[in-house]
Amino acid sequence: MGTSKSLPTPSGGPWTPLKTDVSDFLDGGKTTPFEIVGGAIRAAGLAPPPPGYRSAERGGGGGGSGGSAGGSGISSRTGRRSGRTSVARAVAGLAGFGAAVRDSGFQSGLHVLGLDELRGRSTAEIMATIADHLTEGMDGLQGELLRTALREAMFEAAALGGDPDLTDIAASLQVYLSSAGPEGLVELFLSHLVFDRVWSAVESHVNARSDGNGASNAMSTAVHGACQALVRDYMDELRDKGLMGRVDWFGRAGIRIGQEIAAQLESRLAAL
């Protein structure tokens, strides 16, 4: 799980209490994984960029932009809107793909994305290309986090569909989507995205403070479980309100719901 980059956890400001909470958790204190999630989201939205970080805005540099490790890309109001729009686009595109697979099969899902040329390609190539397509134009850490979470969500959905070895991605995804629907695929994506954002912000400090891989892995598992629970609760509320029914995900409604999900989930996590 997580991105391939290991970014230094920044210091000062909101990062100081977050680091204290991480250390307390590793020492067996009273800090919960939920508090670490909230602290990481708050810190990532307020802190300056770590050394060498490139802004998520296309062509932008890290210096002076207010970028953050694991956050929405840059901390200015414009940057937060840009980050949420990127998440909204990914949510809408993934849900549209999922709805097409559920209703008409895997090839139909590729067709609605304009990716018919992927027929017959390997599972790894298909998943990577779909992730690249849904994050087109998204650079920097934000783009990497989104692409990673999209791939992880699709792989997990296939495994839950009865294909842990990914030998028949078309059949297993349709099995999963027939049961969980496109909103289930979105839930997997958001769970991975929140975790990847949080973990990219704290991993460096966790590794520096832990006495071995065991402690780091235990904390990673606990934080991932908290992210899953938080996203699941939020998505259940949307389902209860009827907001995840039949939606034209590639139309205005899809983007609107995607933006609402991105904004509301971020606000909830920051308030933990």
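Structure: above.
Described below are features of the structure shown in this document. Note that the structure is a prediction, hence the values are computed from the model and not measured. (Residues numbered from 1 in each chain as written. Predicted model: local features only at pLDDT ≥ 70, side-chain atom pairs only at ≥ 80, totals over all residues. Heavy atoms only, no water.)

In this structure, Val37, Phe97, Phe106, Ile130, Phe189, Leu190 and Val223 are the most contacted members of the largest nonpolar core, which totals 71 residues. Per-element tally for this core: the top contributor is helix α7 (residues 169–209), with 17 residues. (Core = buried A, V, L, I, M, F, W, Y, C linked by side-chain atoms within 4.5 Å. Buried < 20%, exposed > 50% of the residue type's maximum accessible area, 1.4 Å probe, protein only. Helix = DSSP H or I, 4+ residues; strand = E, 2+ residues; numbered from the N terminus.)

The next subject is helix α9 (residues 252–270). For an α-helix the count is 3.6 residues per turn, leaving residues at separations of three or four pointing the same way. Compared with the 27 Å implied by 1.5 Å per residue over 19 residues, the 27 Å span of α9 between its first and last C-alpha is a close match. Buried within α9 we find Gly254, Ile257, Gly258, Ile261, Ala262, Leu265, Glu266 and Leu269. The buried residues of α9 occupy an angular sector of 155 degrees when the element is viewed end-on, so they sit on one face. (Expected span 1.5 Å × (residues − 1). Arc of directions from axis to C-beta.)

Here helix α1 (residues 15–26) contains 12 residues, and its C-alpha end-to-end distance of 16 Å stays within 8% of the 16 Å for a straight helix at 1.5 Å per residue. Taken as a whole, α1 has its buried residues at Trp15, Leu18, Lys19, Val22 and Ser23. Buried residues of α1, seen end-on, are gathered within an arc of 135 degrees and therefore sit on one face of the element. Positioned one or two residues after α1, Gly28 has a phi angle of 80 degrees, which is positive.

On to the packing of α1 against α7, then. The contact between α1 and α7 brings their axes to 10 Å, and the two run at 45 degrees. Judged by the inter-axis angle, α1 sits oblique to α7. Between α1 and α7 the crossing geometry is right-handed. Listed contacts from α7 to Trp15, Leu18, Lys19, Val22, Ser23 and Leu26 of α1 are Ala201, Val202, His205, Val206 and Arg209. Split by residue class, the contact of α1 with α7 holds seven nonpolar, two polar and two charged. (Axes fitted to C-alpha atoms, helices over the stretch in contact; angles between N-to-C directions. Parallel < 35°, antiparallel > 145°, perpendicular 65-115°, else oblique. Left-handed = near helix turned anticlockwise from the far one by under 90°. Contact = heavy atoms within 4.5 Å. Nonpolar A, V, L, I, M, F, W, Y, C, P; charged D, E, K, R; others polar.)

This part covers the environment of Glu156. Assignment of secondary structure puts Glu156 in helix α6 (residues 140–160). Along the backbone, Glu156 and Leu185 are 29 residues apart, and their C-alpha atoms lie at a distance of 9.1 Å. Excluding residues that lie within four positions of it along the chain, Glu156 makes contacts with Leu188, His192 and Gln228. Here His192 takes part through its side chain, which lies 2.6 Å from a polar atom of the side chain of Glu156. (Polar contact = N/O pair within 3.5 Å; in protein donor to acceptor, adjacent residues only side chain to side chain.)

Okay, the side chain of Ser23 next. Here Ser23 shows up in helix α1. Ser23 gets classed as buried once you look at its relative accessible area, which sits at 14%. Side-chain polar atoms of Ser23 contact the side chain of Arg209, separated by 2.9 Å. Residues within four places of Ser23 in sequence aside, it is in contact with His205 and Arg209.

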